[in-house]
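# Summary of the model geometry
Spelled out from the first residue to the last, the chains are:
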Protein chains: 2
Amino acid sequence: MTTILTQELNKNNQSNLEQENPPQDSRQRAKKLVMDLQDRICQGLEKIDGKATFQEDNWQRKEGGGGRTRVIRDGGVFEQGGVNFSEVWGDELPSSILIQRPEGAGHGFYATGTSMVLHPRNPYVPTVHLNYRYFEAGPVWWFGGGADLTPYYGFAEDAVHFHHTLKESCDRHNPQYYPTFKKWCDEYFYLKHRQEARGIGGIFFDYQNSEGKLYGGTNSQGLTNKYSEKVGKINHSWEDIFAFVKSCGNAFLPSYLPIVERRKNMDYGERERNFQLYRRGRYVEFNLVYDRGTIFGLQTNGRTESILMSLPPLTRWEYGYQPEKESPEAQLTDFYLQSKDWTSLKI
Amino acid sequence: MTTILTQELNKNNQSNLEQENPPQDSRQRAKKLVMDLQDRICQGLEKIDGKATFQEDNWQRKEGGGGRTRVIRDGGVFEQGGVNFSEVWGDELPSSILIQRPEGAGHGFYATGTSMVLHPRNPYVPTVHLNYRYFEAGPVWWFGGGADLTPYYGFAEDAVHFHHTLKESCDRHNPQYYPTFKKWCDEYFYLKHRQEARGIGGIFFDYQNSEGKLYGGTNSQGLTNKYSEKVGKINHSWEDIFAFVKSCGNAFLPSYLPIVERRKNMDYGERERNFQLYRRGRYVEFNLVYDRGTIFGLQTNGRTESILMSLPPLTRWEYGYQPEKESPEAQLTDFYLQSKDWTSLKI
């Protein structure tokens with residue numbers, strides 16, 4: 001590992017790009033950041049769940065690296081969910097990423113990150129996703145990630161709270177971050193084949209480095225929307241982005257737990273449960289057809305059980321389902337899944 | 001439509017390839033073949049189901065073409081299933097197919113086919129899939145398709161019967177067909193990320209035309225196994241392949257119904273039901289990550305509800321599930337999902 005690290009850092013030093021070099025201990029710091037985040041998030045979630053605890057599996061990847069998978073099941077709040085940490089390295093990035101970062105071709109790579117999906121049992125508690133990751137590959141490095149919310153039944157109060165918390169955390173670093181990454185999130189978590197947003201969004205960014213360019217791009221299926229709008233450059237250093245990612249990670253529990261608290265004891269019946277199971281199907285469709293992290297994992301011989309831990313415990317598909325007009329189920333798609341500026345919403 | 005047809009046929013006539021031209025009425029004949037097949041299969045399935053009937057939706061595709069979707073639900077045997085017919089045309093094939101048939105680039109295309117997936121309620125009745133399709137694109141045309149079986153609990157008798165019926169139908173046309181297309185099926189319906197076959201196979205072929213070459217290839221995710229073995233050429237004309245596809249289609253009911261008959265009244269409990277729902281997850285993973293037909297449909301703005309009709313009504317994911325050693329659940333993966341020559345199996 002040390003040899004690979006040294007080789008990679010040397011390569012970085014020889015790079016002719018404008019991009020600054022990362023600090024010498026970049027990988028260790030990024031790794032610690034995401035591991036600490038995994039720890040704190042798990043603690044906070046266990047506390048609110050009140051019944052189940054995370055079970056941990058440590059695993060190694062034959063080609064280099066490994067991870068720490070934590071799964072919670074049959075809890076007071078969470079029907080199933082997982083918070084992953086992983087660190088992988090290898091000879092070359094998989095094609096799905098090289099399409100976006102051709103500078104990485106022919107170089108070894110290093111990637112570390114934490115990713116999380118939680119599927120609550122109560123249909124009034126939204127599913128949530130978080131992922132922060134750091135990559136180095138030859139002359140390039142970048143951070144990516146974000147957090148987004150997928151309610152089954154919409155509550156404006158919840159959507160506003162979630163976005164507001166993330167925005168505050170972004171604004172402390174750069175006023176461009178929230179509007180840019182909020183929009184990117186809406187575009188990324190979009191099911192083109194359903195012409196439907198996955199949820200009410202949050203923030204998402206990828207390929208953030210000191211070149212400051214904002215990259216978007218399609219996935220290898222050609223199905224993801226391209227983040228094509230020219231938003232110019234954001235000038236930020238490795239340290240700036242590192243600090244920003246740290247803030248966003250720290251904002252997770254305050255953005256999500258108050259929503260869980262408000263919704264977890266709401267009564268529901270078969271109708272709400274059936275709708276939740278049906279909507280979970282969209283989550284599966286997104287993760288298996290579009291999600292960059294999932295495809296990266298499957299292409300790099302990642303640990304399948306850890307990658308697909310994001311899939312819901314129970315899911316339903318129904319041909320031709322249409323919610324009744326004006327019903328709460330119809331409001332989800334007609335109002336909540338329509339991209340909007342949540343932080344300006346009057347509630 | 002007539003104009004497009006004529007234009008395409010003219011283009012075919014100008015082709016310099018060795019490939020013979022299809023008959024003048026190729027599209028009409030292929031369309032009738034798959035529509036008739038849809039009709040007969042639906043009749044046979046309704047008869048054995050004994051309770052539910054297929055509900056039909058006719059739909060049109062904005063960019064050209066349309067289809068006839070038939071769905072059965074809450075039946076005596078079938079929990080959910082669909083038999084699709086579709087016919088689509090457009091300016092150019094999507095990238096997922098052009099990778100395989102670059103000769104089609106820059107040409108309009110025509111495609112027609114029938115596809116079917118049935119999810120029985122009783123875990124002892126296997127899920128079954130069938131698809132036959134015909135393509136024309138500029139100078140090239142080809143047939144593809146096949147049928148394969150996905151049991152939840154294995155019965156050697158059923159696997160032998162299914163393969164034997166298909167083999168007989170293949171052997172009447174060409175002794176190379178069954179061994180070649182059986183192997184192709186095993187390679188195609190393989191979940192690389194699980195290192196697991198989807199089911200016990202059947203037959204699968206693609207890109208069959210009078211050039212006789214056997215094409216394999218990866219999907220656009222780079223995840224499907226390549227059918228790379230050189231099996232040489234199979235010399236067959238448009239009429240030969242058409243007749244062969246017809247035979248295979250006709251073999252479907254005799255290959256599947258006797259299995260349903262034997263298993264549909266077997267007693268089962270929560271354990272078997274849970275295992276069935278868990279294994280259905282693999283079906284979802286295959287269809288959304290690997291399946292050429294699904295990705296083709298989503299990329300060509302197909303009718304999403306009809307394409308994803310193949311997904312099961314209820315599905316379960318469970319992190320780190322391991323069946324008990326020597327149990328029927330373990331036998332599924334340890335014996336039945338291991339590729340073997342079913343027609344030579346002594347039972």
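As shown above, the structure is provided for reference.
One structure accompanies this document, and this report is about it. The residue numbers shown here count from 1 along each chain, following its written sequence. The order in which chains are written sets their letters, starting at A; the order in which ligands are written sets their numbers, starting at 1. Selection of residues for local features in this predicted model requires a pLDDT of at least 70, selection of side-chain atom pairs for listing and counting requires 80 or more, and totals for whole chains, interfaces and linings are taken over all residues.

## Structural notes on the sheet that holds strand β3 (residues 78–90) of chain A
Residues and elements named next belong to chain A. When DSSP finds at least two bridges between two strands, those strands are taken to pair. Only DSSP runs of H or I reaching four residues or more are called helices, and only runs of E reaching two or more are called strands; each is numbered from the N terminus. With antiparallel pairing, seven strands are arranged side by side in an open sheet as β1-β2-β3-β4-β5-β6-β9. The open sheet terminates on both sides in strands that have one partner only, identified here as β1 (55–60) and β9 (201–208). Pairwise comparison of adjacent strand axes, ignoring direction, gives a mean angle of 5 degrees for this sheet. Bridge analysis of β1 against strand β2 (residues 65–73) gives six bridges, and the strand direction is antiparallel. Bridged to aspartate 57 within β2 is threonine 69. Here contacts are defined at the residue level, using C-beta atoms placed from the backbone and a cut-off of 7 Å between them. Only C-alpha atoms enter the line fits that serve as axes; for helices the fit covers just the stretch in contact. Angles between N-to-C directions range over 0 to 180 degrees. Relative to the sheet, helix α2 (residues 26–49) contacts β2, β3, β4 (109–120), β5 (127–137) and β6 (140–150), its axis offset from that of β4 by approximately 10 degrees.

## Some details on the relation of the copies chain B and chain A
Superposing chain B onto chain A requires a rotation of 180 degrees together with a translation of 0.0 Å along the rotation axis, leaving an RMSD of 0.0 Å. Such a combination of rotation and displacement between the chain copies is what one expects of a two-fold axis. When each C-alpha of chain B is compared by its distance to the rotation axis, Thr315(B) comes out closest, at 2.5 Å. A share of 100% of the interface residues of chain B reappears at the interface of chain A, consistent with the copies meeting face to face through the same patch. The copies are overlaid by a least-squares fit using only the C-alpha atoms of residues whose pLDDT is at least 70 in both copies.

## Section: the environment of Glu87(A)
All names here are of chain A. Inspection of the secondary structure puts glutamate 87 in strand β3. Burial in this document is a count-based property: other C-beta atoms within 10 Å of a residue's C-beta are tallied, and the residue is buried at 20 or more, exposed at 12 or fewer, or partly exposed in between, with C-beta positions derived from the backbone. On the neighbour-count criterion, glutamate 87 (21 C-beta atoms within 10 Å) is buried. Between the C-alpha atoms of glutamate 87 and glycine 113, which are 26 residues apart in sequence, the distance is 6.6 Å. Dropping the residues within four chain positions of it, glutamate 87 is found in contact with Lys31, Gly65, Gly66, Gly67 and Thr112.

## What to know about the interface of chain B and chain A
The interface is formed by 30 residues belonging to chain B together with 31 residues belonging to chain A. Within the residue set of the side of chain B that touches chain A, elements represented by two or more residues are α7 (270–289), α8 (292–299), α9 (304–307) and β10 (314–316) of chain B. A per-element tally of the side of chain B that touches chain A places α7(B) first, with four residues. Lys, Arg, Asp and Glu make up the charged group, whereas Ala, Val, Leu, Ile, Met, Phe, Trp, Tyr, Cys and Pro make up the nonpolar group; the residues left over, Gly among them, are polar. Tallied by class, the residues present in the side of chain B that touches chain A amount to 15 nonpolar, ten polar and five charged.

## Considerations on the environment of Asn21(A)
Note that Asn21(A) resides in the loop between α1 (2–14) and α2. Between the C-alpha atom of Asn21(A) and that of Lys325(A), which follows or precedes it by 304 residues, the distance is 55 Å.

## Description of the sheet that holds strand β5 (residues 127–137) of chain B
All names here are of chain B. Spatially, β1-β2-β3-β4-β5-β6-β9 is the arrangement adopted by the seven strands of the open sheet, whose pairing is antiparallel. Only two strands of the sheet have a single partner each, and these edge strands are β1 (55–60) and β9 (201–208). Neighbour-to-neighbour, the strand axes of the sheet open up by a mean angle of 5 degrees, direction not taken into account. This element, helix α2 (residues 26–49), spans β2 (65–73), β3 (78–90), β4 (109–120), β5 and β6 (140–150) of the sheet and lies at about 10 degrees to β4. Contacting β6 and β9, helix α4 (residues 156–171) runs over the sheet at an angle of about 35 degrees to β9.

## Description of helix α10 (residues 328–336) of chain A
Residues and elements named next belong to chain A. Among the residues of α10, those classed as buried are Glu329, Leu332 and Tyr336. For α10, the buried positions fall inside an angular range of 90 degrees around the axis, keeping them on one side. For α10, the elements touching its buried residues are α4 (156–171) and α7 (270–289). As used here, the arc belongs to the directions running from the helix axis to the C-beta atoms.

## A short note on the pairing of β4(B)
All names here are of chain B. Burial within β4 is extensive, with twelve of its twelve residues counted as buried. The two faces of β4 match: Phe109, Ala111, Gly113, Ser115, Val117 and His119 on one face and Tyr110, Thr112, Thr114, Met116, Leu118 and Pro120 on the other face are all buried. Examined bridge by bridge, β3 and β4 share twelve bridges and lie antiparallel to one another. Bridged to glycine 81 within β4 is leucine 118. Relative to β5, β4 runs antiparallel, the two being bridged by ten bridges. Paired with alanine 111 across the bridge in β5 is phenylalanine 135. Linking two consecutive strands that pair antiparallel, namely β4 and β5, is a turn of six residues.

## Examining α4(B)
Residues and elements named next belong to chain B. Compared with an ideal rise of 1.5 Å per residue, which puts 16 residues at 22 Å, α4 spans 22 Å between its outermost C-alpha atoms and is within 8% of the ideal. Turning to α4, its buried residues are Asp158, Ala159, His161, Phe162, His163, Thr165, Leu166, Lys167, Ser169 and Cys170. Buried positions along α4 lie against β6, α5 (177–188), β9, α6 (238–263) and α10 (328–336). Multiply 1.5 Å by the residue count of a helix minus one, and that product is the helix's expected span.

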